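Read off the chains here:
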Amino acid sequence: MPGLATRLLVAQRALDSLKAAGAPEVAVIEANLKWYRLGALGPALGDFVPFEKTPGQNGGRSPYYSVRVEVLRLAVGDPTDGTPGVVPTLRTFKEFQEQVSKLVKDHDFGGLKDLRDSGGLDKVQQASADLGRVMKRFSDKDKLADVGRKMGRNSKPPILNPSTVIPPKQWNGRDWLHWKQPGNFASTLRARALASGDGRFMAYALGWTVAYATLVCGTGFMNSLVGSSYRNHWWRTRFIRNFVDAWVWGFYGAKASMSPTDVPTPAYTEWPGLCDARLHDLVDFTGGLDAEGVGRSIVAEEALPHVLPQEFTAFWVDAWTAAYPGQDAPLFTQDRVQVAYLLLWIQLWFETSGDVIGCNPPPPTDPPDACTDKTPPAWVDPTLIDPQTNAPFKAPTPKAKHDPDIGEIISGILLALAGVASFFLGGAGFGIVALAGGIGLIVDGEKNLNWDELECQLYWIAVYLFNGLDALHKLTVFAGLQPPAPAEFATASRDVQFADSLPLSYLSAGTVCKGRAMEGLHVPWSGALSTWNTYPDTTALETPLTNEGSFAGLWPSAIVDDAGANAATDDIGRPTLPWPGGIQGSFGPAVQASVELLRGPGQLPDWNLDNDRGRGWLTWELSGPYADPVPAKPES
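Given the structure is predicted, the values throughout are model-derived calculations rather than measurements. (Residues numbered from 1 in each chain as written. Predicted model: local features only at pLDDT ≥ 70, side-chain atom pairs only at ≥ 80, totals over all residues. Heavy atoms only, no water.)

Q: Got a sec to walk through the overall build of the protein? Specific residues and values, please.
A: Assigned secondary structure in the protein consists of 21 helices and eight strands. Nonlocal contacts in the protein, meaning residues at least 24 apart in sequence, comprise 74% of its contacts between residues at least 6 apart. When the accessible surface of the protein is totalled, it reaches about 24,200 Å², and 53% of it is carbon and sulfur. (Helix = DSSP H or I, 4+ residues; strand = E, 2+ residues; numbered from the N terminus. Contact = heavy atoms within 4.5 Å. Areas by Shrake-Rupley, 256 points an atom, 1.4 Å probe, with all protein chains shown as cover.)

Q: Describe empty space enclosed by the protein, listing the residues and the values that go with them.
A: All told, the structure shown has five cavities of 30 Å³ or more when counted by the stated rule. Taken together, 14 residues line the largest cavity, and the ones lying closest to its centre are Tyr 64, Ser 155, Asn 172, Tyr 230 and Arg 238. Elements that contribute at least two residues to the lining of the largest cavity include exactly helix H4 (63-76), helix H9 (173-179) and helix H12 (234-253). In terms of residue count, the dominant contributor to the lining of the largest cavity is H12 (three residues). Per-class residue counts for the lining of the largest cavity are six nonpolar, three polar and five charged. (1 Å grid on protein atoms, 1.4 Å probe; cavity = no way out; pocket = protein on both sides within 12 Å on 5 of 7 lines; lining within 4 Å. Points joined across faces, edges and corners; volume = space filled by probe spheres on them. Nonpolar A, V, L, I, M, F, W, Y, C, P; charged D, E, K, R; others polar.)

Q: Could you give an account of unusual backbone geometry, naming the residues involved and the relevant values?
A: A cis amide bond, omega 20°, links Asp 612 with the succeeding residue Arg 613. The residue Arg 613 is located in the loop between helix H21 (590-599) and strand S7 (620-622) in this model. Along the chain, Asp 628 connects to Pro 629 via a cis peptide bond; the corresponding omega equals 5°. Mapped onto the secondary structure, Pro 629 falls in the loop between S7 and strand S8 (632-634). At Arg 278, a residue that is not glycine, the phi angle is positive and equals roughly 55°. Position of Arg 278 among the secondary structure elements: in the loop between strand S2 (264-265) and helix H13 (291-299). Take Arg 278: its relative accessible area is 32%, and that puts it in the partly exposed class. (Buried < 20%, exposed > 50% of the residue type's maximum accessible area, 1.4 Å probe, protein only.)

Q: Tell me what's going on with the state of the cysteines, and back it up with residues and numbers.
A: Where two cysteines share a covalent bond between their sulfur atoms, that bond is called a disulfide. Counted by the stated rule, this structure contains two disulfides. Here Cys 371 engages in a disulfide with Cys 456; their sulfurs sit 2.0 Å apart. Judged by the torsion about the S-S bond (120°), the Cys 371/Cys 456 disulfide is right-handed. Of the two residues, Cys 371 sits in the loop between helix H15 (334-352) and strand S3 (385-386) while Cys 456 sits in helix H18 (residues 451-478), which places them 85 residues apart along the sequence. For Cys 371, a relative accessible area of 2% puts it in the buried group. What links to what in the protein: the bonded cysteines, counted in sequence order, pair as 1-2, 3-4. (Disulfide = S-S within 2.5 Å.)

Q: Give a detailed account of the nonpolar core, specifying residues and quantitative values.
A: Judged by nonpolar contacts, the single largest core of 148 residues is most densely connected at Phe 185, Tyr 204, Trp 316 and Ile 572. The biggest single contributor to this core is helix H11 (residues 199-226), with 16 residues. Those residues in contact with Ile 572, other than ones at most four positions away along the chain, are Tyr 212, Ala 213, Val 216, Cys 217, Phe 587, Ala 593, Glu 596, Leu 597, Pro 605 and Trp 607. Core analysis: the second largest hydrophobic core is formed by 19 residues, Leu 112, Leu 115, Val 124 and Trp 451 among them. (Core = buried A, V, L, I, M, F, W, Y, C linked by side-chain atoms within 4.5 Å.)

Q: For the pattern of salt bridges, give the residues involved together with the corresponding values.
A: This structure, assessed with the given rule, holds 25 salt bridges. Put simply, Arg 174 and Asp 610 hold a salt bridge, and the shortest N to O gap is 2.7 Å. Of this pair, Arg 174 sits in helix H9 while Asp 610 sits in the loop between H21 and S7, and the two are 436 residues apart along the sequence. Accessibility classification places Arg 174 together with Asp 610 in one group, the buried group. Across the pair Arg 296 and Glu 292 runs a salt bridge, and its minimum N-O distance is 3.9 Å. Here Glu 292 and Arg 296 lie together in helix H13, a separation of four residues that amounts to about one turn. Given the relative accessible area of 31%, Arg 296 is considered partly exposed. One continuous salt-bridge network, built from bridges that share partners, spans Glu 70, Arg 73, Asp 78 and Lys 150. (Salt bridge = Lys/Arg side-chain N within 4 Å of Asp/Glu carboxyl O.)

Q: Break down the layout of surface pockets for me, citing the residues and quoting the values.
A: For the second largest pocket, the calculated volume is near 840 Å³. Along its surface, the second largest pocket is lined by 35 residues, and Lys 94, Gln 97, Glu 98, Ser 101 and Ala 462 are the ones closest to its centre. Top contributing element to the lining of the second largest pocket by residue count: helix H5 (residues 86-105), with twelve residues. Here the lining of the second largest pocket is built from residues that sort into 21 nonpolar, five polar and nine charged.

Q: So what about the confidence of the model for the protein? Which residues, and what values?
A: Per-residue pLDDT for the protein has a mean of 83; in total, 84% of the residues score no lower than 70. A low-confidence stretch, residues 54-58 stays under pLDDT 50, and its non-local contacts, those more than four residues away or across chains, total ten contacts. (pLDDT = per-residue confidence, 0-100.)

Q: Lay out the environment of His 473 with the relevant residues and their values.
A: Note on placement: His 473 falls in helix H18. Taking the C-alpha atoms as reference, His 473 lies 9.7 Å from Val 356; in sequence the two are 117 residues apart. Here His 473 is in contact with Ile 357, Gln 482, Pro 483, Pro 484, Ala 485 and Glu 488, once residues within four sequence places are set aside.

Q: How would you sum up the packing of aromatic side chains? Please name residues and give values.
A: Under the defined criterion, the tally for this structure stands at 39 aromatic pairs. The interplanar angle of 80° and the centroid separation of 5.8 Å between the aromatic rings of Phe 221 and Phe 551 together place this pair among those described as edge-to-face. Of this pair, Phe 221 sits in helix H11 while Phe 551 sits in the loop between helix H19 (510-513) and helix H20 (557-560), and the two are 330 residues apart along the sequence. Here Phe 221 and Phe 551 have matching classes, each one buried. Taking 5.4 Å as the distance between ring centres and 65° as the angle between the ring planes, the aromatic pair formed by Trp 320 and Phe 332 counts as edge-to-face. With a gap of twelve residues between them, Trp 320 in helix H14 (residues 310-323) and Phe 332 in the loop between H14 and H15 connect regions that are remote in the sequence. By relative accessible area, Trp 320 is classed as buried at 2%. Sitting over the face of the ring of Tyr 535, Arg 516 holds its NZ or CZ atom 3.5 Å from the ring centroid. (Phe/Tyr/Trp six-rings, centres within 6.5 Å; stacked < 30°, edge-to-face > 60°. Lys NZ or Arg CZ within 6 Å of the ring centre and 35° of its normal.)

Q: Any details on the side chain of Arg 190? Residues and values, ideally.
A: Here Arg 190 lies in helix H10 (residues 182-196). One buried charged side chain, Arg 190, makes no salt bridge at all; its nearest oppositely charged neighbour is Glu 25, positioned 4.6 Å away. Looking at Arg 190, its side chain comes within polar contact range of the main-chain oxygen of Leu 597, at 2.9 Å. If we ignore the near neighbours within four places in the chain, the residues touching Arg 190 are Ala 205, Leu 206, Thr 209, Leu 597, Leu 598 and Pro 601. (Lys, Arg positive; Asp, Glu negative; His and termini not counted. Polar contact = N/O pair within 3.5 Å; in protein donor to acceptor, adjacent residues only side chain to side chain.)

Q: Describe the packing of H11 against H21, with residues and values.
A: One way to put it is that H11 packs onto H21 with a least axis distance of 8 Å and a crossing angle of 140°. With respect to their mutual orientation, H11 and H21 come out oblique. Considering how the two elements wind past one another, H11 and H21 form a crossing that is right-handed. Across the interface between the two elements, Leu 206, Thr 209, Val 210, Tyr 212, Ala 213, Thr 214 and Cys 217 of H11 pack against Ala 590, Ala 593, Ser 594, Leu 597 and Leu 598 of H21. Residue classes in the contact of H11 with H21 are distributed as nine nonpolar, three polar and no charged. (Axes fitted to C-alpha atoms, helices over the stretch in contact; angles between N-to-C directions. Parallel < 35°, antiparallel > 145°, perpendicular 65-115°, else oblique. Left-handed = near helix turned anticlockwise from the far one by under 90°.)

See below:
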């Protein structure tokens, strides 16, 4: 399934095409642009319902909701037990580092003394202690194993149950919106929006039509990268979509091209990234939601604010009820739509705001002139292991040139900053102990500081911190929680080093983003941790085999708007075959298909939005417990 960034980009390019054609739909979209964009995220709302504890099998919060709660617990803190968060703590360190670096560069003795006297060191000392608490809690192997289970076997779609048939009323919201009459729901949304005369609802329904087209046109390509459908390889799908999102966003943002030998122009390093794209702002209806505050409320299971207008949630639920009449204990309620929106919004914040890990720009390649020795110390890469301690390298205690002097204040600052990356890599406690030692040395002193040495030390600390944050970024990419930076596509693979010297790696570049030949869907994933980054070519194909379409050698632009690489040979708006459907050709790129559907508001076919079990399959259920061959039957 194409990711959120890709959907938003397709929506914008579809709007551009409508404007070029002078289409009447443009006026209502541009007057209600945020509603159109929210609609373009489409069934992603289903990831976060049901959110209340409900009876029956698969009741309660969806596993993906639970994973996101754990991610937020790490990012913004846990108010239930006072555990601080990484985001505000890192913000303190970054601001402090920038402040000190400027003071040292300006040889501002008075500013350094004021920093000490104003409690700045106390603030960074507390941040160091807070980060130690955070990493100590989240390095707990039992907690990590629990999160892993939520990503793995707990997120296994209910339809895969081999002993009993799970009826649709016990499916989660994500599977319902992708598998239960998705064409009918999109058509119902649009018809009821038009009848309402409300421009917000109309723009939203048009955006949902774009989401429908993007998923129908693009998911087969995504399945070729994954090696199977979402149903069988759910977390690998989420891992892969982050890479495709990063490629699509960078490719179109840079107006790039790819050579026959897969060399981009301009280079990947010049492509814009998602790290600070701030996509959450595109669907923020308040003009400034407090992400950290909302995140803490989610973690604490507090009542969440109703951000969406009540008339919109009523419209949404009414459309859902009309599309799926006769449902007892409805899966979607107005309150659940509100919460699903907030979780979706905060996911975009976590992935694209720049407030979490950020873009982490590297320090200048060349050390400043102040460094007489420009050879990087061994400790500047905290992912390496010190053979003397069999632990990550740690920055040494800087030695003051004057005794006593204000340089000792800087020594304490440097130690505090150096401790940050150590926390990320299993060095909890080092930063606190080192900082305490540095603070203990602070005394009033002379003004004749060795500014050059201080500037050089700050440079190497900046390199150290960059490497530590880069390791944390790679870990979140590996976990499928954040997109990579475009520059990462320049290398075939990325290595990750984390606590306990555990080596991890993930593939990058064309190995991940370039379409593959596909003969069928590989059988379901075992749920074993850390294997979602591996193409499942050592496992069997699920039978009976179905037509999966041909995407070999294509880049993601083929499913966005490159009709030359992926021309439409079948009509997305008309099922060409009786169930199970399945097409031999292509619906073409998503932008062109979206424009076709936006200009012609007919009843949409119920194509399976996961392209499961093949391209252009209509929606289906199981006639018995999951088995291979798959006992598929039309959706009831």
